[in-house]
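Summary of structural features
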Amino acid sequence: MKLMIASDIHGSALYCRQMLEAYEREGAERLLLLGDILYHGPRNDLPDRYAPKEVLAMLNEVREELFCVRGNCDTEVDQMVLSFPVLADYAVFWLGGRLVYATHGHHYNSQTPPPLKKGDILLNGHTHVPKCEAFGDFLYLNPGSVSIPKEGSPRGYLIWEDGAENLLSFRTLAGETWKTVSSEELEALCPAK
């Protein structure tokens, strides 16, 4: 299984296009979007090439490739124009033998986690800062932001690839890997059981 995980497009047609080009280049089986798809919100400046209508058209074209969770900037009005579900507050699934709780991060995050067992993964965006760190008994992952990165991080995404030398790869939109985590490193950081 190869999964591409991205977050916080915030209506940037420029970076949405680059994200979709990266998805095609990666050959991932699915693209998980962790919310804040069309709008920038009042706390952020407008991202480059802010064009929510272009973003929704690009994403609607690949709707069968996507699964998403709702961000704090996503609303019922967005669902009226997007042809794939975007209003789920979270998604729970198994990946690499671990339970993953995927959410945007404005409700559940590393400081206010949902109920998790030892070795589970909390996956969210919202902060626009990439992370891979243990928090108590669970692992916290954040791909950063596609369009408005913060704290000097690159515009990018996260790849989870079962069976690869590096289970996790943080990459820029241009596809440059800037951080990797092997299965062994992940297990040492946060044992599955």
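Residues numbered from 1 in each chain as written. Predicted model: local features only at pLDDT ≥ 70, side-chain atom pairs only at ≥ 80, totals over all residues. Heavy atoms only, no water.

**Considering the overall build of the protein**
- A count of helical and extended segments in the protein gives four helices and eleven strands.
- Computed over C-alpha atoms, the radius of gyration of the protein comes to 15 Å, within 12% of the 16 Å expected from 2.2 N^0.38 for 193 residues, which places it in the range of a compact globule.
- The principal-axis extents of the C-alpha atoms in the protein amount to approximately 45 × 30 × 30 Å.
- Within the span of the protein, comprising 193 residues, buried residues form 53% of the whole.
- Contacts in the protein between residues at least 24 apart in sequence constitute 56% of all its contacts with a sequence separation of at least 6.
- Surface accessibility of the protein: about 8,800 Å² in total, with carbon and sulfur atoms responsible for 51%. (Helix = DSSP H or I, 4+ residues; strand = E, 2+ residues; numbered from the N terminus. Rg over C-alpha atoms; globule rule 2.2 N^0.38 Å. Buried < 20%, exposed > 50% of the residue type's maximum accessible area, 1.4 Å probe, protein only. Contact = heavy atoms within 4.5 Å. Areas by Shrake-Rupley, 256 points an atom, 1.4 Å probe, with all protein chains shown as cover.)

**Details of the nonpolar core**
- The biggest cluster of nonpolar side chains holds 29 residues, and the ones touching the most others in it are M4, M19, L31, L33, I37 and L59.
- Residue assignment for this core shows that the elements contributing at least two residues are β1 (2-6), α1 (13-26), β2 (30-33), α2 (52-61), β3 (66-68) and β9 (156-161).
- Setting aside residues up to four positions removed in sequence, M4 forms contacts with M19, A22, Y23, E26, A28, R30, L31, L32, Y157, L158 and I159.
- In this structure, I5, L139, F170 and L186 belong to the second largest nonpolar core, which totals 23 residues. (Core = buried A, V, L, I, M, F, W, Y, C linked by side-chain atoms within 4.5 Å.)

**What about the packing of aromatic side chains?**
- For the structure on display, the rule yields six aromatic pairs.
- Ring plane angle 10° and centroid distance 5.0 Å describe the contact between Y90 and Y101, whose orientation is recorded as stacked. Of this pair, Y90 sits in strand β4 (residues 90-95) while Y101 sits in strand β5 (residues 98-103), and the two are eleven residues apart along the sequence.
- Here the aromatic rings of Y101 and Y108 are separated by 5.8 Å at their centres, their planes lie at 85°, and the arrangement is edge-to-face.
- Y101 gets classed as buried once you look at its relative accessible area, which sits at 9%.
- Each residue in the set Y90, Y101 and Y108 is aromatic and connected to the rest through ring pairs, giving one cluster. (Phe/Tyr/Trp six-rings, centres within 6.5 Å; stacked < 30°, edge-to-face > 60°.)

Geometric values such as these leave the question of function open.
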